[in-house]
Every structure is written in structure tokens, then in C-alpha cells.
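Remarks on the overall topology
What follows is each chain in one-letter form.
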Amino acid sequence: YYEKLKSDFAPLNAMRKYGGTPTEIANAEADCIYVMGVMGHFVGDGAQPLHTTKHFNGWVGPNPKGYTTKTTFHAWIDGGYFKKTGGIKVEQLVGKIQPATRIANAGEPDGMFHDVVAYLVAQNKFVEPLYQMEKDGRLTGEGDKGMEGVPFLDGQLVKAGQMLGNIWLTAWLEAPDDTYLARELKQRNAADSQSK
């Protein structure tokens, strides 16, 4: 989807620069927004540790630490806990996200792939701590102890938002020039001005 977004940004840039019609520009923007939205789903899922493990919906296999095996655990983390604790406080989280930055090695072969894998591996390190929070009663949403999971899950949302913004910006900066479309738009605009 990063490559798709780069590809979608290229004609959008050309249309804005070389005189695409308002409808053409709006359609190009819609293409970009669609891909950005799909990416948002995947990047957000990547920040939820249960999406990075075979223990995605209750602990499976040997369980010496006695973690939950409830097959509702995933749904609880994805939304149930947030509902129980008053919902996601977007206005509080927005200020924690820094301005997007270009992903440094995105221009290298497989650079973005390696960064995305590193992001997922980093989130995977929180699988067992998340299960431990559940075991300790810090994810019940009841009482002070049951609210202790909120900062952790809020932090994961911030990580997802930061990563997503960085990917979007990098795609914008790395988008190639659509030289074919630029040439066609220039010719069309020249022909239009000659016919007037």
C-alpha cells in the first residue's frame, strides 16, 4: 500500500502542477484518500500487539504463566476496554503525535519493508506484557487498578498514528514524477489556449 500511495500521489502532483481539471484532481485525491484509509487499518492493527502473535485471541499451547485463554480477549482489547473506560480520548492523544517525518531508508531497496517489519517486531514485544496486564486485573476498566491499561493502549494508538503519518509523508516525498501525464497535460493546456 505504500507503493500504491506513492503511485497515486504521482498523478495528483502532476495534475495540481500542470492544470488538471477540478474533477480530475478530486478523483486523484479520492484515490489517495482511499489508499490512505486502507493503510490506516493495517498500521493501526500492527500497533495492537495481539495482531502480531499466534496468541491473538487468548493464549494457545503451553501456558505456564496462566494467561487468559478467553477467545474474547482480542475483541476486548480492540474496543471493549475502550468502551468500558469512556472511549478513545482523541483530543488528548493528538497532542502526543509529533509532526510526520520522512522514513530515513525508504528510498533504499526494501527499506520501507524493513522499517515496517521493525515496527511490527517492536509491537510484538508487548504481547506478553499485555497478557500480564490482563492477569493482574489492569484491563478490567473497573476501579483504579482496572484503568491502568489505558495509558498503554493510548500509547499504542499514538504509535500507530505516528507511523501512519510518517508513511504517508514518506510516500508523498518519494512519489515519482509522472512525466507522461505532465507532458499530456501541458499539451492539452497548450491546445486549449490556442483554441481560445
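Reference entry: report on the structure contained in this document. Quick caveat: nothing in here was measured; it's all calculated off a predicted structure.

Conventions used here
- Residues numbered from 1 in each chain as written.
- Predicted model: local features only at pLDDT ≥ 70, side-chain atom pairs only at ≥ 80, totals over all residues.
- Heavy atoms only, no water.
- Helix = DSSP H or I, 4+ residues; strand = E, 2+ residues; numbered from the N terminus.
- Rg over C-alpha atoms; globule rule 2.2 N^0.38 Å.
- Buried < 20%, exposed > 50% of the residue type's maximum accessible area, 1.4 Å probe, protein only.
- Contact = heavy atoms within 4.5 Å.
- Areas by Shrake-Rupley, 256 points an atom, 1.4 Å probe, with all protein chains shown as cover.
- Lys, Arg positive; Asp, Glu negative; His and termini not counted.
- Charge placed at Lys NZ, Arg CZ, Asp CG, Glu CD.
- Salt bridge = Lys/Arg side-chain N within 4 Å of Asp/Glu carboxyl O.
- Core = buried A, V, L, I, M, F, W, Y, C linked by side-chain atoms within 4.5 Å.
- Axes fitted to C-alpha atoms, helices over the stretch in contact; angles between N-to-C directions.
- Parallel < 35°, antiparallel > 145°, perpendicular 65-115°, else oblique.
- Left-handed = near helix turned anticlockwise from the far one by under 90°.
- Nonpolar A, V, L, I, M, F, W, Y, C, P; charged D, E, K, R; others polar.
- Phe/Tyr/Trp six-rings, centres within 6.5 Å; stacked < 30°, edge-to-face > 60°.
- Lys NZ or Arg CZ within 6 Å of the ring centre and 35° of its normal.

With that settled, the discussion passes to the overall build of the protein. Counting its regular elements, the protein contains 9 helices and 0 strands. Its C-alpha radius of gyration of 22 Å places the protein more than 25% over the 16 Å reference for a compact globule of 196 residues. Dimensions of the protein, computed from the C-alpha atoms along their principal axes, are close to 75 × 35 × 25 Å. In the protein, buried positions account for 36% of the 196 residues. Pairs at least 24 apart in sequence give 74% of the contacts found in the protein among residues at least 6 apart. Of the roughly 11300 Å² that the protein leaves accessible, carbon and sulfur atoms contribute 59%. Averaged over its 21 positive side-chain charges, the protein has a centre that lies 3 Å from the centre of its 23 negative ones.

This brings us to the side chain of Asp154. Mapped onto the elements, Asp154 comes out in helix 8 (residues 149-174). Despite its burial, Asp154 pairs with no opposite charge, the nearest such side chain being Lys96 at 5.6 Å. Each residue touching Asp154, except ones within four places of it in the same chain, is listed here: Phe82 and Leu93.

Moving on: the pattern of salt bridges. What the rule picks out here adds up to 7 salt bridges. Between Lys6 and Glu3 there is a salt bridge; the shortest N-O distance is 3.4 Å. Residue Lys6 and its partner Glu3 are both found in helix 1 (residues 2-18); the two are separated by 3 residues, about one turn of the helix. A salt bridge links Glu142 to Lys84; the nearest nitrogen and oxygen atoms lie 2.9 Å apart. Of the two residues, Glu142 is situated in the loop between helix 6 (127-135) and helix 7 (143-146) and Lys84 in helix 3 (residues 73-84); the sequence distance between them amounts to 58 residues. The exposure class assigned to Lys84 is partly exposed, which follows from its relative accessible area of 41%.

Looking now at the nonpolar core. Residues Tyr2, Leu5, Phe9, Met39 and Ile167 are the most contacted members of the largest nonpolar core, which totals 26 residues. Mapped onto this core, the elements with two or more residues apiece are helix 1, helix 2 (22-47), helix 5 (111-124), helix 8 and helix 9 (179-194). Among the elements that take part in this core, helix 2 stands out by supplying 8 residues, more than any other. Contact partners of Leu5, with chain neighbours within four places excluded, come to Cys32, Val35, Met36, Met39, Trp168 and Ala171. Grouped together as the second largest cluster of nonpolar side chains are 14 residues, Trp59, Tyr81, Leu139 and Phe152 included.

A few words on the packing of helix 1 against helix 9. Viewed as axis vectors pointing N to C, helix 1 and helix 9 meet at an angle of 25°, and their least axial separation amounts to 9 Å. With respect to their mutual orientation, helix 1 and helix 9 come out roughly parallel. The handedness of the crossing between helix 1 and helix 9 is right-handed. Of helix 9, the residues touching helix 1 (which contributes Pro11, Ala14, Met15 and Tyr18) are Leu181, Ala182, Leu185, Lys186 and Asn189. Within the contact of helix 1 with helix 9, the residues separate by chemical class into 7 nonpolar, 1 polar and 1 charged.

Okay, the packing of aromatic side chains next. On inspection of all chains with the given rule, the structure shows 8 aromatic pairs. Measuring from centroid to centroid gives 5.0 Å for Phe9 and Trp172, while their planes differ by 85°, and the two rings are edge-to-face. Of the two residues, Phe9 sits in helix 1 while Trp172 sits in helix 8, which places them 163 residues apart along the sequence. In this structure Phe9 comes out as buried when scored by relative accessible area, which is 6%. Seen in terms of ring centroids, Trp59 and Tyr131 are 5.1 Å apart; in terms of plane orientation they differ by 85°. Their pairing is edge-to-face. Note that Trp59 is positioned in the loop between helix 2 and helix 3 and Tyr131 in helix 6, a separation of 72 residues in sequence. A single burial state applies to Trp59 and to Tyr131, both of which are buried. An aromatic cluster is present here, built from Trp59, Tyr67, Phe73 and Tyr131 joined pairwise through their rings. Directly above the ring of Tyr1 sits Lys4, whose terminal nitrogen or CZ lies 4.4 Å from the centroid.

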